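# Summary of structural features
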Amino acid sequence: MIDSFSRRSFLKMGAVTTGALVVGEFLPPAVAQMATEAGMLNASGDGYIPSMCEMCVWRCGLIAKIKGGRVVKLDGNPEHPHSRGHLCVRGQSGLMNTYDPDRVLKPLIRVGKRGEGKFREASWDEALDLTAGHMQRIKDTYGPEAMVFSSTHNLSQVQFENLLYAFGSPNYGTQRSLCFNAMIVANQMTYGMEEPERIYDDQLQYVILTGRNLFEAISTSETGDLSDAISRGVKVVYLDPRFTKTAAKASEWLAIKPGTDLAFHLALLNVIIDEKLYNASFVEDYTIGFDELAQEVRDFTPEWAASLTEIPADTIRRIAQEFAAAAPHALAHNGWRTSNFINSFQTQRAISILNALVGNWNVTMKASAGESSGALGTPPQPPYPRASAMRLDGVPYKYPVVPFKLGVFQELRDNIVTGDPYQAHGWFISRQNPVMSLPDRAKTLQAFEKMDFIATVDIFLNDTAWFSDVVLPETSYLERYDPLLPVGNRVFLRQPVIEPQGDAKSALWIYKQLGERLGLEDYFQYTDEEDYIRQQLEPLGVTLDEIRMNGYVDLPESEEEEEPSFAWNTPSGKIELFSDTLDRVGFPGVPTWQAPPQPPQGQFYLLTGKVAQATQFATQNNQLLKKYSDEPRLWLNTTVAEDRGMEDGDWVEVTSQVGQVHIRLKVTQGIRPDCVYLTPGFGHLSKGLTAAYGVGASDSALHVTYTDPASGSQALSQTFVTVRKA
Ligand SMILES: Nc1nc2c(c(=O)[nH]1)N[C@H]1C(S)=C(S)[C@@H](COP(=O)(O)OP(=O)(O)OC[C@H]3O[C@@H](n4cnc5c(=O)[nH]c(N)nc54)[C@H](O)[C@@H]3O)O[C@H]1N2
Ligand SMILES: Nc1nc2c(c(=O)[nH]1)N[C@H]1C(S)=C(S)[C@@H](COP(=O)(O)OP(=O)(O)OC[C@H]3O[C@@H](n4cnc5c(=O)[nH]c(N)nc54)[C@H](O)[C@@H]3O)O[C@H]1N2
Ligand code: SF4
Ligand SMILES: [Mo]
């Protein structure tokens with residue numbers, strides 16, 4: 001199906017497919033030459049070229065099938081530890097990302113009012129001169145801190161950060177506070193690391209997933225690991241107010257009351273300590289603060305938690321006993337997007353501590369190797385200027401344990417609106433859609449109104465680009481190089497498998513051009529993308545041509561045997577059940593109960609959550625994926641619908657403190673009666689997304705902004721809504 005679909009759209013674009021032309025005109029010459037020499041492309045330029053997916057953050061290795069100068073199919077690279085030869089439905093549909101008729105292929109400059117969507121095409125010189133000119137003017141007039149920079153995790157982010165640090169602004173907005181800050185700050189405070197690696201080996205017996213919907217919110221290798229574990233008979237307990245695909249596959253689904261996961265985990269700690277089910281020698285040798293913890297959780301019995309979680313006390317007690325009996329081959333999963341309630345940080349601390357109490361370290365969890373780029377080279381550059389201004393979001397003064405670099409994005413946005421402690425005037429955005437991904441969309445647009453100038457780097461007219469003054473079109477991931485990606489002991493390459501369409505350019509090129517225009521050329525000492533990668537590869541003694549063929553290279557093996565690590569990067573060097581750091585800055589040193597707000601009578605918790613066939617706010621315009629997606633609807637519990645005289649398919653009006661949307665109902669037993677659920681990523685504002693515009697409604701338009709004072713995480717399930725027939 002994919003083949004015939006893309007061939008059709010190819011013909012529509014009027015391209016010529018004669019063999020000899022193909023290699024020279026549609027395929028990047030250096031890549032084509034290597035692939036031909038390696039026998040991967042035939043004389044007409046048809047065959048296979050390896051690269052990397054970018055339909056989500058996993059960046060699975062892919063092999064692109066090329067025919068007639070076009071990509072006609074994408075498959076997984078069996079050598080990649082994430083994909084292991086498979087691409088998910090989004091990865092397979094990635095070619096329609098590249099061939100989307102809505103791609104922006106020339107720089108755009110706004111001519112109408114902001115949000116009117118009127119742009120004119122411009123040359124790169126004009127668009128870059130205009131962008132750099134505004135950035136320089138803002139810097140000269142108000143200081144570098146008046147420019148906000150924001151971007152979400154991606155491979156060229158290192159050069160985005162280079163631009164912002166060289167420019168001298170402290171105001172960097174990332175997705176982290178919208179996503180997993182509660183989890184990573186909790187792990188930092190407990191283990192001194194962001195996220196331990198999880199081990200799903202043959203011995204694993206028991207897993208507790210707290211809202212970690214691994215079968216829809218995909219993490220390729222881990223989703224596969226969990227699936228294998230379930231086939232082996234591993235018991236999986238899954239907590240979610242909603243019946244997701246993971247709930248369907250779990251041994252036990254507990255429809256926990258939103259915001260009470262903390263009570264559930266405190267009760268597990270209570271039973272494990274009270275019944276002496278913990279690993280006493282592990283606790284003694286490797287942790288500090290056991291007595292404070294035991295004291296704190298003494299009253300948090302299963303009976304106490306039952307009234308809050310609406311899960312029977314016997315069930316909670318049994319799960320604690322089963323978990324401890326299976327330990328250390330038992331894993332309490334932290335979750336990923338842990339931005340649900342302002343007590344989610346405490347929940348995360350309780351989960352991390354639960355693993356420590358039963359001695360799971362180096363059995364189901366170990367120190368994460370992460371994406372260490374230590375072995376790679378970097379272009380030379382001078383030191384950065386010191387950013388003299390404070391961050392707009394108050395990190396670290398207001399948020400002492402939030403990583404300084406990453407900040408609290410929603411608060412940064414709020415302070416743009418208030419102009420407190422100073423007014424920002426410009427915003428440079430890349431690979432991010434904050435108009436949709438920040439809570440309270442109307443407020444984000446208010447922040448935009450405060451701006452003299454907004455520039456966005458994207459491949460589409462996403463909602464953020466739609467409200468920008470300049471849109472700088474990036475090449476798609478199949479048309480460009482990005483910096484290398486180390487995964488474990490391999491380094492993977494993204495290389496273009498076709499030539500760029502239109503005038504689109506890579507982010508590496510765009511940032512360098514801006515840097516040069518801003519007088520920051522010393523920070524961008526690479527001539528082009530290939531030169532950048534060659535400098536990265538230099539210490540490895542590997543050439544770019546050598547890595548092209550497989551799409552990866554192995555790093556030299558370390559001589560030393562890797563010893564299991566029992567040292568933690570915390571102030572005490574131990575696992576901190578009690579955290580002096582937290583205590584000293586005024587947060588509870590051991591996890592304790594913090595009651596979440598509850599919806600007033602007649603209102604519902606508004607739940608959000610990923611679906612397998614979409615990535616965030618980015619793929620709804622993909623015409624292949626659209627075929628796999630049902631029209632998004634508001635989930636409402638069957639009994640509630642009956643009580644209110646509502647039926648499946650009815651149009652309803654959903655109202656929160658900050659917004660209102662209209663949407664059809666999906667009446668289902670798969671959600672608690674006190675909750676409704678809306679798939680994120682729909683209800684786009686940009687008419688430049690012709691396939692996605694007009695489909696569904698946006699939950700971001702409804703979300704009220706709440707922030708956890710410890711981790712800076714937004715609290716998405718804390719928005720309450722009314723639902724009535726439209
Ligand atoms: N297909 C696909 N995969 C993805 C992504 C994607 O967009 N699409 N995004 C990636 C990213 S960036 C992330 S952060 C991860 C997110 O991975 P997850 O955190 O696993 O996924 P979410 O769907 O954000 O949230 C999971 C569940 O939390 C539930 N939930 C809401 N409130 C509560 C509560 O109070 N308690 C409990 N127990 N559950 C609650 C929701 O009903 C939802 O089903 O997924 C990643 N993988
Ligand atoms: N309501 C609600 N809000 C949420 C969430 C939720 O579940 N519900 N999830 C939260 C989470 S977990 C996260 S991580 C954040 C994500 O928030 P964002 O990072 O803002 O969202 P994305 O949709 O991932 O934005 C990616 C943008 O990159 C563009 N893009 C795609 N490919 C390329 C490319 O090759 N180059 C360039 N330059 N651009 C490209 C896309 O068109 C899109 O505009 O949202 C958070 N906000
Ligand atoms: S999980 Fe899917 S979308 Fe993400 S990188 Fe892998 S194949 Fe691509
Ligand atoms: Mo995320």
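Heads up: the structure comes first, above all this text.
Throughout what follows, the structure given in this document is the object of discussion. (Residues numbered from 1 in each chain as written. Chains lettered and ligands numbered in written order. Predicted model: local features only at pLDDT ≥ 70, side-chain atom pairs only at ≥ 80, totals over all residues. Heavy atoms only, no water.)

## Overview of the sheet that holds strand 18 (residues 485–487)
Spelled out, the test is: Between any two strands, at least two bridges found by DSSP are needed for them to pair. The way it works is that DSSP assigns letters per residue, a run of H or I at least four long becomes a helix, a run of E at least two long becomes a strand, and they are numbered from the N terminus. An axis is simply a line fitted to the C-alpha atoms; with a helix, the fit covers only the stretch in contact. Between two such axes, the angle follows the N-to-C directions and lies from 0 to 180 degrees.
What the three strands build is an open sheet, ordered 18-19-20; its pairing is antiparallel. Of all the strands in the sheet, the pair left with one neighbour each is strand 18 and strand 20 (552–554). Between one strand and the next, the sheet's axes are offset by a mean angle of 25°, whatever the strand orientation. Strand direction decides the pairing type here: strand 18 and strand 19 (residues 490–492), joined by three bridges, are antiparallel. By the bridge assignment, Leu485 is partnered in strand 19 with Phe492.

## Let's talk about the pattern of salt bridges
Short version of the rule: A carboxyl oxygen of Asp or Glu within 4 Å of a side-chain nitrogen of Lys or Arg is what we treat as a salt bridge. Here the term buried applies to any residue with accessible area under 20% of the maximum for its type, exposed to any over 50%, and partly exposed to those in between, with areas from a 1.4 Å probe on protein chains only.
Across all of its chains, the model carries 47 salt bridges by this definition. Residues Glu79 and Arg490 are paired through a salt bridge, measuring 3.6 Å at the closest nitrogen-oxygen approach. Taken together, the residues span a long stretch of sequence, with Glu79 in the loop between strand 3 (70–76) and helix 4 (89–92) and Arg490 in strand 19 at a distance of 411 residues. Taking relative accessible area as the criterion, Arg490 reaches 19% and is therefore assigned buried. One salt bridge in this structure joins Asp545 and Arg548, with 2.8 Å as the shortest N-O distance. Pair noted here: Asp545 and Arg548 are both in helix 23 (residues 544–548), with a separation of three residues, about one helical turn. Using a relative accessible area of 1% as the deciding quantity, one classes Arg548 as buried. Salt bridges here are not isolated pairs; linked through shared partners, they connect Glu54, Arg59, Arg431, Glu474, Arg480, Asp482 and Arg494.

## With respect to helix 7 (residues 157–167)
This is how the line gets drawn: We call two residues in contact when some of their heavy atoms are within 4.5 Å.
Counting buried residues along helix 7, nine of its eleven residues qualify, which places the element largely inside the surrounding structure. All of the buried residues along helix 7 are Gln157, Gln159, Phe160, Glu161, Asn162, Leu163, Leu164, Ala166 and Phe167. Close packing links the buried residues of helix 7 with helix 6 (124–142), strand 6 (147–151), strand 7 (172–173), strand 15 (426–430), helix 21 (507–517) and helix 22 (529–537). Directly beyond the C-terminal end of helix 7, a positive phi value near 100° is found at Gly168.

## As for the pairing of strand 2 (residues 61–67)
Direction of pairing for strand 1 (residues 47–52) relative to strand 2: antiparallel, over a ladder of six bridges. When the bridges of strand 2 are listed, Gly47 appears paired with Ile66. Between strand 2 and strand 3, which follow one another and run antiparallel, lie two residues, and Gly68 among them has a positive phi close to 60°.

## Brief notes about the packing of aromatic side chains
For any pair of aromatic rings, the description consists of the separation of the ring centres together with the inter-plane angle of the planes. What counts is decided by this rule: Pairing of aromatic side chains here covers Phe, Tyr and the six-membered ring of Trp, requires ring centres within 6.5 Å, and sorts the geometry by plane angle: under 30 degrees stacked, over 60 edge-to-face, intermediate tilted. Counted as over-ring charges are cases with an Arg CZ or a Lys NZ within 6 Å of the ring centre that also lie within 35 degrees of the ring normal.
Counted by the stated rule, this structure contains 30 aromatic pairs. A centroid spacing of 5.9 Å and a plane angle of 75° characterise the contact between Trp58 and Trp336, whose relative ring orientation is edge-to-face. Here Trp58 is found in the loop between strand 1 and strand 2, whereas its partner Trp336 is found in the loop between strand 13 (330–333) and helix 16 (344–357), with 278 residues between them in sequence. An angle of 65° between the planes, with centres 5.0 Å apart, marks the rings of Phe243 and Trp253 as edge-to-face. Residue Phe243 is located in the loop between strand 10 (235–239) and helix 10 (245–249), and its partner Trp253 is located in strand 11 (residues 252–254); the two are separated by ten residues in the primary sequence. Overall, the relative accessible area of 28% leaves Trp253 in the partly exposed class. Through a chain of ring-to-ring contacts, three or more aromatic side chains come together here, namely Phe149, Phe160, Phe167, Tyr172, Phe428 and Tyr511. Sitting over the face of the ring of Tyr99, Arg70 holds its NZ or CZ atom 3.5 Å from the ring centroid. The ring of Tyr526 carries Lys512 above its face, with NZ or CZ at 5.5 Å from the centroid.

## Digging into the pairing of strand 15
Where burial is concerned, most of strand 15 is hidden: five out of the five residues are buried. Burial along strand 15 is two-sided: the face carrying Gly426, Phe428 and Ser430 and the face carrying Trp427 and Ile429 are both buried. Two strands pair when backbone bridges link them, and strand 15 and strand 16 (residues 453–458) are joined in this way by five bridges, in the parallel orientation. In the sheet register, Gly426 faces strand 16, and the bridge partner there is Phe453.

Coordinates in, geometry out; function isn't part of it.
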